[in-house]
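# Examination of the molecular architecture
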Amino acid sequence: MKKLRRGNPQAQKQLYDKYAPMLYGLALRYAGSEEEAQDILQESFIKIFKYIKTFEQRGSFEGWLKKILINTAIEHFHKREKHRFQSDITEINETNIETYEIKDPDFTMEEILKAVQSLPDGYRTVFNLYAIEGYKHKEIAEMLGIDVSTSKSQYHRARKLLQKKLMHLKNYINKPNGN
């Protein structure tokens, strides 16, 4: 840790090599593409190296790294799409799949990741923060600068759209010529 705090390039490379794959996987969930995930990862490591001196070694180092990446992903989202996602709600047709649940899905992680990545930016961000990271809607609203009701609505619609996408994929996979 001392070498990292002094900006030692070898220590930085070791840190990058150790944590980049895990952080890249996290970035992929927030990004709409691999290129965007790479940008988020790169910006995150710049911040990590810049602020490593502020890590007080009280909590989990990995948790600190993840928090930097998530905040960077949210900043990236704000820069690109600040108000756009609020209009996405009207662009998506809702389907009546409230009672449908996928009990034993046969999806690969890649298929699920692609389905999450295909969600509109606002939906994807709220879905990740709520369903995966465990933030409350009030916290999400504060982070994104939206109303709590907007966070709840976006999560609800993201879930429905994701279920719909996975249903279509499951139907495609189960068709005789779907392989």
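In what follows, the accompanying structure is described. The structure displayed is predicted, hence computed values, not measured ones. (Residues numbered from 1 in each chain as written. Predicted model: local features only at pLDDT ≥ 70, side-chain atom pairs only at ≥ 80, totals over all residues. Heavy atoms only, no water.)

## Details of the overall build of the protein
Broken down by element type, the protein carries 9 helices and 0 strands. Looking at the protein as a whole, 40% of its 179 residues are labelled buried. When contacts within the protein are restricted to residue pairs at least 6 apart in sequence, those whose partners lie at least 24 apart make up 74%. Total accessible area on the protein is roughly 11,000 Å²; 50% of this is exposed by carbon and sulfur atoms. (Helix = DSSP H or I, 4+ residues; strand = E, 2+ residues; numbered from the N terminus. Buried < 20%, exposed > 50% of the residue type's maximum accessible area, 1.4 Å probe, protein only. Contact = heavy atoms within 4.5 Å. Areas by Shrake-Rupley, 256 points an atom, 1.4 Å probe, with all protein chains shown as cover.)

## A word on the packing of helix H2 (residues 9–30) against helix H3 (residues 34–51)
How two helices sit against one another is set out by the angle between their axes and by the gap between those axes. Interaxial distance between H2 and H3 falls to 9 Å at its minimum, and their mutual angle equals 140°. On the basis of the axis angle, H2 is oblique to H3. Our pair here, H2 against H3, has a crossing hand that is right-handed. Side by side, H2 and H3 meet where Gln-12, Leu-15, Tyr-16, Tyr-19, Ala-20, Leu-23, Tyr-24, Ala-27 and Leu-28 of the first sit next to Glu-34, Ala-37, Gln-38, Ile-40, Leu-41, Phe-45, Ile-48 and Phe-49 of the second. Grouping the constituent residues of the contact of H2 with H3 by class yields 14 nonpolar, 2 polar and 1 charged. (Axes fitted to C-alpha atoms, helices over the stretch in contact; angles between N-to-C directions. Parallel < 35°, antiparallel > 145°, perpendicular 65-115°, else oblique. Left-handed = near helix turned anticlockwise from the far one by under 90°. Nonpolar A, V, L, I, M, F, W, Y, C, P; charged D, E, K, R; others polar.)

## A word on the environment of Ala-73
Along the chain, Ala-73 turns up in helix H4 (residues 61–81). Remark: the alpha-carbon pair of Ala-73 and Ala-27, spanning 46 residues in sequence, is separated by 7.1 Å. Residues within four places of Ala-73 in sequence aside, it is in contact with Tyr-30 and Ile-40.

## Quick look at the packing of aromatic side chains
Considering all chains together, one arrives at 8 aromatic pairs under this definition. Ring geometry for Tyr-19 and Phe-61: centres 5.8 Å apart, planes at 75°, overall edge-to-face. Of this pair, Tyr-19 sits in helix H2 while Phe-61 sits in helix H4; the two residues are 42 residues apart in sequence, bridging distant segments of the chain. For Tyr-19, a relative accessible area of 12% translates into the label buried. Measuring from centroid to centroid gives 5.7 Å for Phe-45 and Phe-49, while their planes differ by 40°, and the two rings are tilted. (Phe/Tyr/Trp six-rings, centres within 6.5 Å; stacked < 30°, edge-to-face > 60°.)

## A word on helix H7 (residues 121–132)
End to end, H7 covers 16 Å across 12 residues, agreeing with the expected 16 Å (1.5 Å per residue, within 8%). Across the 12 residues that make up H7, a large majority, 9, are buried. If you check which residues of H7 are buried, you get Asp-121, Gly-122, Tyr-123, Arg-124, Thr-125, Val-126, Phe-127, Asn-128 and Leu-129. Trailing H7 by a residue or two, Gly-134 shows a phi angle of about 85°, which is positive. (Expected span 1.5 Å × (residues − 1).)

## Some details on the environment of Lys-50
Tracing the backbone shows Lys-50 in helix H3. The exposed category is assigned to Lys-50, whose relative accessible area is 58%. Along the sequence, Lys-50 and Gly-7 sit 43 residues apart, while their C-alpha atoms lie 8.6 Å from each other.

## With respect to helix H8 (residues 137–144)
Three or more residues of H8 are buried, namely His-137, Ile-140, Ala-141 and Leu-144. Taken around the axis of H8, the buried residues stretch over an arc of 100°, which confines them to a single face. Exposed residues pointing more than 90 degrees away from the buried face of H8 are listed as Lys-138 and Glu-142. Among the residues trailing H8, Gly-145 stands out with phi positive, at a value near 70°. (Arc of directions from axis to C-beta.)

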